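Secondary and tertiary structure notes
Here's the letter readout for the chains.
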Amino acid sequence: MSIGEALQLSWTNIGAHKLRNALAVLSVTIGIASVIAIVTMTTGLQDALLDTLTKDLLRANMITVNVEGSAGLFGTAQVFSSRDVEALRKIPGVKTADVIGRVRGDALYFNNRRLLDASTRITTSKDLIPMDAGRGVQAKGEIAIGARIAEIICRRMLAEERQISENDETLKEECKSPGTKPDLAQRILGQTLKLRFLGADGQLAEDQLKIVGIVKDSQFISGTACYVSPDYQGFTETIDGIELPVYAGVIVSVSDLGQLSSVKRAVEEYFNNPNSSDARKLLGEEKRVEINTLEEIINEIKKNFLQFTAFLGAIALVALLVGMIGVMNIMLITVKERTREIGVMKATGATRSAVLKLFLTESTIICVVGAVLGVLFGMFLSVWFIKLTVALAQGLREIPFVFVPDWYVIAVLTGIAVGIVSGLYPAWQAARVNPIEALRYE
């Protein structure tokens, strides 16, 4: 019996017992759907978490570059030039790069009152700093303020209008996270601050700055930091006969977390090359450049999600095992009911291998159909579970639906394997049927 004949005869036999075989297909479908739904949802949860860490919390897609021994991100060694920043932006996989530096002698004033907690930093990228409202700095005379500074300005404005203390508890609550409240954010944007600072010549200067953005409030982004253009940079160095502004460090943003390692290696190679890196020219061999990422934390998160997925997947596999037993049971019943038919087949020349092939083909078809339906149903379940989770968990960011084609292929291959395993014993039983006894069977 050829494969084509076995398939044709198997479809005919399956159609002859629709309800029984439909239940067998359903048992496999439920098992496969459980696995697919779990894998799809946990993959989406992982992507959502990494996206949150990347954009709001850890900023895990960042690589920080500074001089060995620097205190935090703002060391005393100003060696990274604007040419270094431009070179880093050209590395494949780099989304953007920005400098790390602080305005010398900075003091910010709002309505002639100093903002005591404010610190003014340099930025060369309008896209790197996440905003709650407005936009990043694009030119001299603009400033993006931290969430904490926005709160202070909000309280001062409203307190002056209402003739109450800016420490009023109601006012504090009203001005909490003003960047997320459109009416308050629009009132703050466009306000003017005065910046006093030390210029490149070491002389005290001042400038009027327009607020163009409010920085997103985050645990890992200082709420008191404000950002201005590099025009207010006070440090310069003469490199290759050219006077260039220099900074305490550089921060690099990668386009994809999967490229973090390769971009880090490229950044290391750049700063180890004395002929290309201005920072290396200024440092010489005295100190090394430190390049740091949160790659270990990201890998740990992925590892924990993999363990979580494996645990839930193991539970789902129990459903798949039940489905396999169901298929085996159906096939054993089928062999029993078709004993006389098997006897006729063997009496008319069907070999043991032909009978074995027929029943294995039937069980495989049932399981493959169940697997394909399971993939589709699992995808539907994962979408439904994602919407339900987002609706029930307040404040949870949207969880993306992620296609996992590798698992869909694995599911179909599993269906084939389940069909073979669950049909093997019943098929073997059918192949061993004695044709004479089978013809007597009622």
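Structure first, text after, so check above.
Attention here is on the structure that accompanies the text.

Scoring rules and cut-offs
- Residues numbered from 1 in each chain as written.
- Predicted model: local features only at pLDDT ≥ 70, side-chain atom pairs only at ≥ 80, totals over all residues.
- Heavy atoms only, no water.
- Pairing = 2+ DSSP bridges.
- Helix = DSSP H or I, 4+ residues; strand = E, 2+ residues; numbered from the N terminus.
- Axes fitted to C-alpha atoms, helices over the stretch in contact; angles between N-to-C directions.
- Contact = heavy atoms within 4.5 Å.
- Patch = residues over 30% accessible without salt bridge, like charges linked within 9 Å, V, L, I, M, F, W, Y side chains within 5 Å.
- Areas by Shrake-Rupley, 256 points an atom, 1.4 Å probe, with all protein chains shown as cover.
- Salt bridge = Lys/Arg side-chain N within 4 Å of Asp/Glu carboxyl O.
- Buried < 20%, exposed > 50% of the residue type's maximum accessible area, 1.4 Å probe, protein only.
- Disulfide = S-S within 2.5 Å.

What about the sheet that holds strand 14 (residues 249–254)?
Strand order in the open sheet formed by 4 strands is 3-14-1-15, and the pairing between neighbours is antiparallel. The sheet is open, and its two borders are formed by strand 3 (94–100) and strand 15 (289–292), each paired with just one other strand. For this sheet, the mean angle separating the axes of adjacent strands, direction not counted, is 20°. By the bridge criterion, 4 bridges tie strand 1 (residues 62–67) to strand 15 in an arrangement that is antiparallel. Looking across to strand 15, one finds that Val67 is bridged to Val289. Sheet strands touched by helix 3 (residues 82–89): strand 3 and strand 14. Its angle to strand 3, the strand with the most contacts, is close to 165°.

As for the sheet that holds strand 13 (residues 242–247)
The strands making up a sheet are joined through hydrogen bonds of the backbone, oriented either antiparallel or parallel. Strand order in the open sheet formed by 3 strands is 2-13-12, and the pairing between neighbours is antiparallel. Whereas interior strands pair on both sides, the edge strands pair on one side only; in this sheet they are strand 2 (80–81) and strand 12 (236–239). Sheet topology places strand 2 next to strand 13; 2 bridges connect them, and they run antiparallel. Among the inter-strand pairings, Phe80 is bridged to a residue of strand 13, identified as Tyr247.

With respect to a nonpolar patch on the surface
A contiguous nonpolar surface patch, about 400 Å² in accessible area, is contributed by Leu19, Leu23, Leu26 and Ile30. You can see Ile30 is positioned in helix 2 (residues 18–55). You can call Ile30 partly exposed: its relative accessible area is 42%.

Here's the deal with the pattern of salt bridges
Tallied over the full model, the rule gives 16 salt bridges. In this structure, Arg135 engages Glu142 in a salt bridge whose closest nitrogen and oxygen atoms are separated by 2.8 Å. Here Glu142 falls in the buried class, since its relative accessible area comes to 13%. Because the salt bridges share partners, they merge into one network encompassing Arg83, Asp240, Asp278 and Lys281.

Regarding the state of the cysteines
Working definition of a disulfide: a covalent bond connecting the sulfur atoms of two cysteines. The tally for this structure, following the rule as stated, stands at 1 disulfide. Disulfide pairing is shown between Cys154 and Cys175; the S-S distance is 2.1 Å. Looking down the S-S bond of the Cys154 and Cys175 bridge, the torsion is -70°, so its handedness is left-handed. Of this pair, Cys154 sits in helix 4 (residues 147–162) while Cys175 is found in the loop between helix 5 (169–174) and helix 6 (182–188), placing the two residues 21 residues apart along the sequence. Given the relative accessible area of 1%, Cys154 is considered buried.

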